[in-house]
Amino acid sequence: MEEHLQEDLASLSDLDEKSLLESLTGRFSHNHIYTYIGDILVAVNPFKQLPLYEKEVSERYKCREKSSLPPHIFAVADRAYQSMLGRLGTGPKNQCIVISGESGAGKTESTKLLLRQLMELCRANSQLEQQILQVNPLLEAFGNAQTVMNDNSSRFGKYIQLRFQNSSVKGAKINEYLLEKSRVVHQDEGERNFHIFYCMLAGISPQDKEMYGLLDPTQYRYLNGKFVQDDMVQHWSAKYSEVSNAMDMVGFEEQEKVDMMTILAGILSLGNITFETTDSDAVKVSEKSQGWLKATAGQFGVQEEELLRCLTCTMSVTRGESIHRLHNQQQAEDARDSIAKVVYGRVFGWIVSKINELLSHKLDSDVALSEIGILDIFGFENFAVNRFEQLCINLANEQLQFFFNHHIFLMEQNEYKEEGIQWETITFKDNKPILDLFLTKPIGILSLLDEQSAFPQATDGNFVDKLNSKFKANPHFEVVKSHSPLFTIVHYAGKVQYNASGFLEKNRDNIPANIRALFINSVTPLLSVLFAATISRTGTLMPRKAKLQAVDDNFNSTRKQSVGAQFKHSLAVLMEKMFAASPHFVRCIKPNSSKLPDQLDSKLVMDQLRYNGLLETIRIRREGFSWRPFFKEFVQRYSILLLKPDMPLDKESCISILNTTELRGWKCGSSRLFFKYWHQEELARLLERLGKAAVVIQKNYRAMSCRRKYLVLLAEVRRQQQAQREREMEEEKRMRRQLLEEEERKRQLFMEQENKRPVSPPVPLPRKKKPEPRPRSILTGIAQSSHLAPVPRPRSKQFEATPFDNDLQENTDLMKLLGQPGDEERAKEKRKKRNNTIRWFKETQVRKVARNGTFPCWFHGMISRRQAEDLLIDKPLGCFLIRVGQSREGYTLTYRGADRCRHYMIEMQSNGKYVILGEDRAHSSLPDLVQYHTQVGIEPLMELLTIPCGQQCDHEPDYEELKAIVAPAMLNSSSVDSEEAIYEEPDQVHLKLQRLFLPPGQNPGLDANKPPVLKRVSDRRRRLEAAELEHKAEDETEHIGRPVPRLYPSIRLAMREIQQIQQQFSASQEQTAVPSHKPWGPWRKKDS
């Protein structure tokens, strides 16, 4: 059994299909879903949650050798990261991770796990890391859907480029490929629309549904009149909260979110517009869908008449004359569906473009950045009916298989021949002829498709006839005899029959000029931006900064690219990026077609192993040499092992280096060395040992050097102190001599005066007082106190000092010696930052933090870290306060922990949201943040906020630096009669701060001239009004100042009209229509 649980299949003794399948089956039955083939990872989808991805597991796979731990997806992430930094066999180089497999094999989950581990490896507590992690749930909602093969199938491809400077991530870019837009208007049996529609309908509040114009989800034709089961509503509602939070985290503005949701609601309403033929053979909108037309126009922000004109006729300009061609019913429905598809496609492209804009690196263009790319692209698909989308998806998988074959087989075996290495050629299934069948010009399938698409009168049947005549002799093409336009392609993964119905229309993807002009002039800014944008050669949306007023030629020139041509060009660009990087392969395997856990279909798995060429891959990894560096590259990297500088970069040097190691099994060619896949780790281990030795040497040398400098400085300080003491003693002796001489002179003068007095009879002298002790000399006291060590401020050990703590007092003499000339400039810069922060708070934050003119009791202004800790020193566990950053535009949450105080930085994002650094949740305000973390702990220790720390004094706030804001209120209140203070509330500072929030134009100084009685009455009235406002604010805070759709009144009127029409037709509907699905409870109509 141990043989069957081998972690590396390249070490199997018997290499055949049976032993390979038995090994994977045995490991899968023990929940070992990961297996190595040399440096390639095979991942079998378990269809269940496994305890393989906890924090402890993630930590174990950081900077560890591959052979020391079981196979894991985290090990692939670590290997790619270390290779990018140049810590493994090769120097620093861009990396790419290619995840492949058929639909439902687990590619999307593998991508999320790779991203998570890469962010852990480069963790620098930057908000960018959390933003990158939020990209996946956002794109999943808009780009994934349920299919018969996969509940969370990616209906688009993406290549994620992570940009690094040294070891920290500095930016990211998403490249998206071929969104399946047709799913918006049509889904086959057992499939669903994109996730975002179900998230919206389950997660949006009733008030927001009314605002966006959303009704019962079972009424929407684009959802097939169905919705999820009742037990799944909570799941989709949580998904909506996750998507909304992801948009806040990435940086989407609130108005952009409202506009986007309104457009999505408009797409659903558009699908409910139906047409009927008039007596004159023209088409019109049916009576019962008039309300849906009005709703769609309001949600899209356009005129109802103009939208109707776009649906029912086409306008063209010939020789300066406008020609209107009326649609028949089928053409009107096609126009409706094409609008829905293009609008959704533009929204998705804009989301990707916005993400790239928000996550782009802010470094100079001349800064060199390293890169790790992750490719998560749609898997191979073979449905009952395969359309244009499946053709493009399977072409992309053919391209990936070719990339794998090229790196693993073709390139490697060619190098063996060129370098004279003895090698028995391993045959593999080359799919280059299949790619030529698709991509060759001018007679490839895509070229012929573009050719037929250029003819307006061409049909899908003409296209299939053309294919049959051109490729009937091709072994990878099969002619299908049928009345339907069908043809078959023999792919690397098997035969797939395609239905060409709709191929030409989907490839053209035309947008009528009147539709584009209509949406460019929409009052919804987002929709206008979407249709004013240009489309690149790869099909990427490129929004423009300014709104265009007219259609320009640039758009038309770019739109001449067909969908097939765009996809072909985007694949070429993708391959160019991947060939320039070092690849890492993850091959995902689907264990069964039923999506059930703990079940493995041997036939299905064996088919995947065969067409992926895993048996041949094992053979070449076991017998071949996967690492093949040039002599120059090897010497530059490993000459340190000989400890000899300036070695020649030739073959002899390489052999000398390898002779000092214990490596076996390597070979030497004419210009390269050939190593097994495990040799890289062994050489990296030798370098690591030398690196650790170098660190020890550097540590001791630096310690000795610093100690020498310190002893010299200390001796100089002591010498100066000794000289200072000697000078002070000399000065003291001189002063004493002067005092003695002065006393002696006074005594002599007194004696002379006594001798000159006339003789008189003796008079009894009064009794002398006991002489008081002479006070210590003032100069002596000053001299002694000048060199006394400063008494340190008492500080509890529970408050742990960190590099971010406030400056502590040092020995002044030593600091004078170590003082730098730039200290004054640094202090000036620090004061400037503080003033800028105060100005930022005053201009942008005061009204956000305060409620009804008062600051919350947990807000303590711009106090220092030390002051915050002193406030919390005697407070219970969980006590907290929030303070303004002293040198940055942001806040800090100080929390009283069990052993010490912790300080969490609160960042304010570009969209005005507040985020605790390292958290994955954004908040609309600081009070919301506090309220949330009273119920959900702060990561990583999951600490709950319990008791707010109040002010230090009831009469004066702690925010010392914000007195400039409080001053006007304090000055105006200083003239109030002391008798009035009896009627004031205990917390006077809150009343004083209310002056800041008076309505514009109201003079706060007018109250000062009122008589005390009137003043008390007005103050009492103002307090009552403030209390009422505060009560209302608690219920309406979420809605005041919130963005709404531009034509919200029109949307409301349209919804009422729809409901009235439905009530009129309800009786007939109940008699004729049989509900296909039980309506979901919250949307059941209530009696008015």
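For every chain, the first residue of the written sequence is number 1, and numbering continues from 1 along that sequence. Only residues with pLDDT of at least 70 are given local features in this predicted model, and only at 80 or more are side-chain atom pairs given and counted; all residues enter the totals for whole chains, interfaces and linings. Working from all heavy atoms in the structure, the side-chain values ignore hydrogens and water.

## Considerations on the packing of helix H13 (residues 329-359) against helix H20 (residues 525-532)
Consideration 1: Every axis in this analysis is a line fitted to C-alpha atoms, fitted for helices over the stretch in contact. Angles between the N-to-C directions lie between 0 and 180 degrees. The way it works is that DSSP assigns letters per residue, a run of H or I at least four long becomes a helix, a run of E at least two long becomes a strand, and they are numbered from the N terminus. Closest axis-to-axis distance for the H13/H20 pair is 10 Å, and the angle between their directions is 90°. On the basis of the axis angle, H13 is roughly perpendicular to H20. For the pair H13 and H20, contact is made by Val 342, Val 343, Arg 346, Val 347 and Trp 350 and by Leu 526, Leu 527, Leu 530 and Phe 531, respectively. Any angle from 65 to 115 degrees is called roughly perpendicular, while one under 35 is roughly parallel, one over 145 is roughly antiparallel, and all others are oblique. Contacts are residue-level and defined by heavy atoms, with any inter-residue pair within 4.5 Å sufficient.

## Considerations on the environment of Val 302
Consideration 1: With respect to the element layout, Val 302 can be found in the loop between helix H11 (290-300) and helix H12 (304-312).
Consideration 2: The sequence separation of Val 302 and Thr 524 amounts to 222 residues, and the corresponding C-alpha distance is 8.2 Å.
Consideration 3: Apart from the residues lying within four places of it in its own chain, the contact partners of Val 302 are Ala 297, Leu 307, Leu 518, Phe 519, Ser 522 and Leu 1047.

## Some remarks on the sheet that holds strand E13 (residues 477-479)
Sheet strands pair via backbone hydrogen bonds, and the direction of the pair is either parallel or antiparallel.
Consideration 1: In this scheme, strands are said to pair when DSSP sees at least two bridges between them. The strand order across the open sheet formed by three strands is E13-E14-E15, and the pairing between neighbours is antiparallel. A strand with exactly one partner marks an edge of an open sheet, and here the two such strands are E13 and strand E15 (494-499). Adjacent strand axes in the sheet meet at a mean angle of 25° when their direction is disregarded.
Consideration 2: Across six bridges, strand E14 (residues 486-491) lies against E15 in antiparallel orientation. Within E15, the residue paired with Thr 488 across the bridge is Gln 497.
Consideration 3: Here helix H14 (residues 388-419) sits on the sheet and contacts E14 and E15; the angle it forms with E15, its principal contact strand, is near 150°.

## Some thoughts on helix H26 (residues 651-659)
Consideration 1: For every residue, the accessible area obtained with a 1.4 Å probe (protein chains only) is divided by the maximum for its type, and the residue is called buried under 20%, exposed over 50%, and partly exposed between those limits. Inspection of H26 places Ser 653, Cys 654, Ile 657 and Leu 658 among the buried residues, and these make up the whole buried set. When H26 is viewed along its axis, its buried side chains cluster within an angular range of 130° and face the same direction. Projecting away from the buried face of H26 at angles above 90 degrees are the exposed residues Glu 652 and Asn 659.
Consideration 2: Elements that come into contact with the buried residues of H26 comprise helix H25 (631-638) and strand E20 (673-674). Taking the helix axis as origin, the arc is that swept by the directions to the C-beta atoms.

## So, helix H16 (residues 445-453)
Consideration 1: Counting buried positions along H16 yields seven of nine residues, so the element is predominantly enclosed.
Consideration 2: Against H14, helix H15 (432-439), helix H17 (460-471), E14, helix H18 (503-508) and helix H22 (563-579) lie the buried residues of H16.

## Regarding the sheet that holds strand E18 (residues 582-589)
Consideration 1: A sheet is described by the order of its strands in space; here seven strands give the open sequence E1-E2-E18-E3-E12-E6-E7, paired in mixed fashion. Only two strands of the sheet have a single neighbouring strand rather than two, namely strand E1 (34-37) and strand E7 (168-177). If you compare each strand with its neighbour and ignore which way they point, the axes differ by 20° on average.
Consideration 2: Bridge count between strand E6 (residues 157-165) and E7: nine bridges; the pairing is antiparallel. For Ile 160, the partnering residue across the bridge sits in E7 and is Ile 174.

## Considering the environment of Asn 431
Consideration 1: In this structure, Asn 431 sits in the loop between H14 and H15.
Consideration 2: Among the residues examined, Asn 431 registers a relative accessible area of 1% and is labelled buried.
Consideration 3: Separated by 33 residues in sequence, Asn 431 and Glu 398 place their C-alpha atoms 7.1 Å apart.
Consideration 4: We define a polar contact as two N or O atoms separated by no more than 3.5 Å, with the added condition that, inside protein, one atom must be a possible hydrogen donor and the other a possible acceptor, whereas residues neighbouring each other in sequence contribute only through side-chain atom pairs. For Asn 431, the side chain forms a polar contact with the main-chain oxygen of Glu 398, separated by 2.7 Å.

On their own, these measurements won't tell you what the molecule is for.
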